[in-house]
Amino acid sequence: MIDDSSHCPHRARAEKNASPLPVTDGKFDFVHEDAYLPPGADRQDRKIFEKQQEQHFRAIHRKVLQDRWIFSPFLEKSIPKIAGGERIISLATIRDTLVQRRLYEYLYPIVDPLLSDACCAYRRGSGAHNAIKQIRNALDAGYVHVLDADIKSFFDRVDHETLLAIARDLPIDERALRLLQIYLTTPRVTSEDRRKADSAKPRTKYSREPRTLGIPQGGVISGMLANLLLASFDKEMQQGEDILVRYADDFLVCCQTEQAANDADVRAAHALDALGGLELHPDKTAVRDATDGVDFVGFRIGRGFTRVRSANLAKFKKGIREVIDTHKPKTDSNWDLRRLSRRLSYKIQGPIDEIRKHNLAKHPHHRSWIGFYRIVDDEKQIKNLDRWIREQISRYVWQQHHKKVTAKHMREAGLPSLYGTLWKARKPPESA
DNA sequence: GACCACAATAC
RNA sequence: UUUGUAUUGUGGUC
């Protein structure tokens with residue numbers, strides 16, 4: 001990612017040190033033109049930023065190369081977690097996001113080779129499906145005694161000095177190192193402070209609170225930093241026969257015996273403590289027999305089966321309910337059922353009409369929810385879900401039109417089945 | 001190759 | 001007035 005434009009006054013130094021920098025190429029790859037970008041603590045939104053984009057690029061470039069970049073405070077926002085509770089997310093300013101992206105591009109090729117195959121989150125070419133595949137292999141090979149563990153408030157409790165000590169051993173530019181340190185200690189604006197300042201007339205300045213612990217969730221480089229910190233932990237857990245699979249702070253150690261899993265528990269607690277006093281979550285960590293399944297990254301996986309995890313199933317049902325509950329009824333019941341089926345069809349199999357226009361046979365994989373869960377092999381679970389959806393529709397039609405509808409009516413109204421969609425998604429492509 | 005859209009996961 | 005980041009998957013366009 002080295003990109004020294006001719007107008008850079010520090011060209012020589014940048015070359016010598018392998019600059020982490022350049023924010024000068026004008027590449028502004030926010031997803032799409034009219035996407036709204038929330039203003040950060042500088043209250044600058046995308047429109048304002050773009051008016052003076054070139055000046056901003058130059059200023060950023062200069063300051064970073066001169067080792068003088070400071071991140072604005074991160075605004076905090078809470079979002080709900082899938083299993084309940086809330087999660088604090090940090091929002092950066094546009095300029096800071098650009099700097100973080102450059103830092104990310106610079107550090108990624110240095111950090112990634114240090115990671116183990118067991119580390120599946122925040123990495124190119126990996127992901128949830130890869131994690132599930134590894135666990136399936138382990139369970140199928142008889143490694144069914146698992147330590148199912150979660151690190152207590154992991155992101156919030158990362159110790160800065162421990163992480164920086166690891167970063168100092170990397171072959172990186174001094175400025176990148178200092179940027180990391182600045183990033184970690186960038187102050188926060190809590191959602192309460194933010195609300196107060198925004199509702200005051202005239203608006204007042206945000207009050208900032210120092211950060212002494214943890215990495216901001218929502219930062220571009222945070223996931224990578226988490227992996228960097230835990231790289232040594234992964235190595236430690238992979239000793240012996242045990243098979244580790246880690247996704248962010250959530251990990252399984254698959255063992256051949258219960259004793260080995262208990263040992264892994266002790267080793268994990270020890271290794272985490274050595275990494276700046278991290279702890280396992282006592283309630284979410286246990287040694288269990290995975291023959292009947294364990295929950296991991298959206299799936300429930302056991303010996304010989306993969307299902308949708310119940311919390312994720314509930315979330316999907318909630319989405320279906322929302323479509324039905326917000327549906328505006330029409331007086332003609334047949335027409336109404338047709339309209340509702342159309343909306344639900346999108347949830348179930350994605351915008352299939354668009355695909356059919358071209359060549360359906362060539363594109364057996366559909367997007368949408370079932371596309372992600374296409375590796376599920378418990379057909380009963382999917383059939384039950386189909387039945388559940390039909391029950392919801394049937395109840396809706398009864399309440400609105402006092403008519404009984406069967407599965408046949410729904411099929412004729414254009415409602416696809418999840419099972420059929422899954423079956424098609426798993427089928428290998430027909431010859432083109 | 002590039003760009004875009006929509007899903008899902010995790011934090 | 002505004003829910004962030006990374007990754008994966010699928011599809012589309014040139």
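Quick caveat: nothing in here was measured; it's all calculated off a predicted structure.

1. Here we look at the sheet that holds strand β2 (residues 86-91)
So, step 1. Spatially, three strands are ordered β2-β1-β4 in an open sheet, and the strand pairing comes out mixed. The strands lining the two open edges of the sheet, one partner per strand, are β2 and β4 (188-189).
So, step 2. Pairing analysis gives six bridges linking strand β1 (residues 74-80) to β2, with the strands arranged antiparallel. Across the sheet, L75 pairs through a bridge with L91, a residue of β2.

2. A few points about the domain arrangement of chain A
So, step 1. You can read the domains of chain A as domain 1 (36-114 + 160-212), domain 2 (116-149 + 239-303) and domain 3 (307-426).
So, step 2. Between the C-alpha centres of domain 2 and domain 3 the distance comes to 34 Å.
So, step 3. Every contact between the two is made by eight residues of domain 2 and, on the other side, ten residues of domain 3.
So, step 4. With both chains or domains summed, domain 2 and domain 3 bury close to 820 Å², and 57% of this area falls on carbon and sulfur atoms.
So, step 5. Broken down residue by residue, the surface that domain 2 buries against domain 3 is led by H129, G298 and F299, which jointly contribute 58%.

3. Some words on helix α4 (residues 94-111)
So, step 1. Taking 1.5 Å as the rise per residue, α4 with 18 residues should run 26 Å; its terminal C-alpha atoms sit 25 Å apart, in good agreement.
So, step 2. By the largest-angle criterion, E105 marks the main kink of α4, which is about 25°, and a proline, P109, follows within four residues.
So, step 3. By the criterion of burial, α4 is predominantly enclosed, with 13 of the 18 residues buried.

4. Some thoughts on the pattern of salt bridges
So, step 1. By the definition in use, this model includes 18 salt bridges.
So, step 2. The partner of R307 in a salt bridge is D378, with the nearest N and O atoms 2.5 Å apart. Taken together, the residues R307 in strand β10 (residues 305-308) and D378 in the loop between α15 (369-372) and α16 (379-401) connect sequence positions 71 residues apart.
So, step 3. In this structure R307 comes out as partly exposed when scored by relative accessible area, which is 27%.
So, step 4. According to the relative accessible area criterion, D378 is buried, its value standing at 16%.
So, step 5. Via salt bridges that share partners, E76, R188 and E209 belong to a single interconnected network.

5. Side note on the layout of surface pockets
So, step 1. A volume near 1700 Å³ is recorded for the largest pocket.
So, step 2. Lining the largest pocket are 49 residues, and of these K81, I82, A83, R87 and R309 lie nearest its centre.
So, step 3. If you list the elements that add at least two residues to the lining of the largest pocket, you get β2, β3 (145-150), α6 (154-157), α10 (222-237), β7 (286-289), α12 (310-325) and α15.
So, step 4. Residue contributions to the lining of the largest pocket peak at eight residues, all from α12.
So, step 5. Per-class residue counts for the lining of the largest pocket are 20 nonpolar, twelve polar and 17 charged.

6. Notes on the packing of aromatic side chains
So, step 1. For the structure shown, the criterion picks out ten aromatic pairs.
So, step 2. Centre to centre, the rings of F71 and Y183 are 5.8 Å apart; their planes meet at 75°, and the pair counts as edge-to-face. Here the residue F71 occupies a position in the loop between α3 (53-65) and β1, and Y183 occupies one in helix α8 (residues 174-185), the gap between them amounting to 112 residues.
So, step 3. An aromatic cluster is present here, built from F71, F74 and Y183 joined pairwise through their rings.
So, step 4. Above the plane of the ring of Y108 lies R124, whose end atom (NZ or CZ) is 4.3 Å from the centre.
So, step 5. Above the ring of W335, the side-chain terminus of R339 is found at 5.8 Å from the ring centroid.

Basis of the calculations
- Residues numbered from 1 in each chain as written.
- Chains lettered and ligands numbered in written order.
- Predicted model: local features only at pLDDT ≥ 70, side-chain atom pairs only at ≥ 80, totals over all residues.
- Heavy atoms only, no water.
- Pairing = 2+ DSSP bridges.
- Helix = DSSP H or I, 4+ residues; strand = E, 2+ residues; numbered from the N terminus.
- Domains from an automatic or database assignment.
- Contact = heavy atoms within 4.5 Å.
- Buried area = accessible area lost by both parts, 1.4 Å probe.
- Expected span 1.5 Å × (residues − 1).
- Bend = angle between axes of the 7 residues up to and from the residue.
- Buried < 20%, exposed > 50% of the residue type's maximum accessible area, 1.4 Å probe, protein only.
- Salt bridge = Lys/Arg side-chain N within 4 Å of Asp/Glu carboxyl O.
- 1 Å grid on protein atoms, 1.4 Å probe; cavity = no way out; pocket = protein on both sides within 12 Å on 5 of 7 lines; lining within 4 Å.
- Points joined across faces, edges and corners; volume = space filled by probe spheres on them.
- Nonpolar A, V, L, I, M, F, W, Y, C, P; charged D, E, K, R; others polar.
- Phe/Tyr/Trp six-rings, centres within 6.5 Å; stacked < 30°, edge-to-face > 60°.
- Lys NZ or Arg CZ within 6 Å of the ring centre and 35° of its normal.

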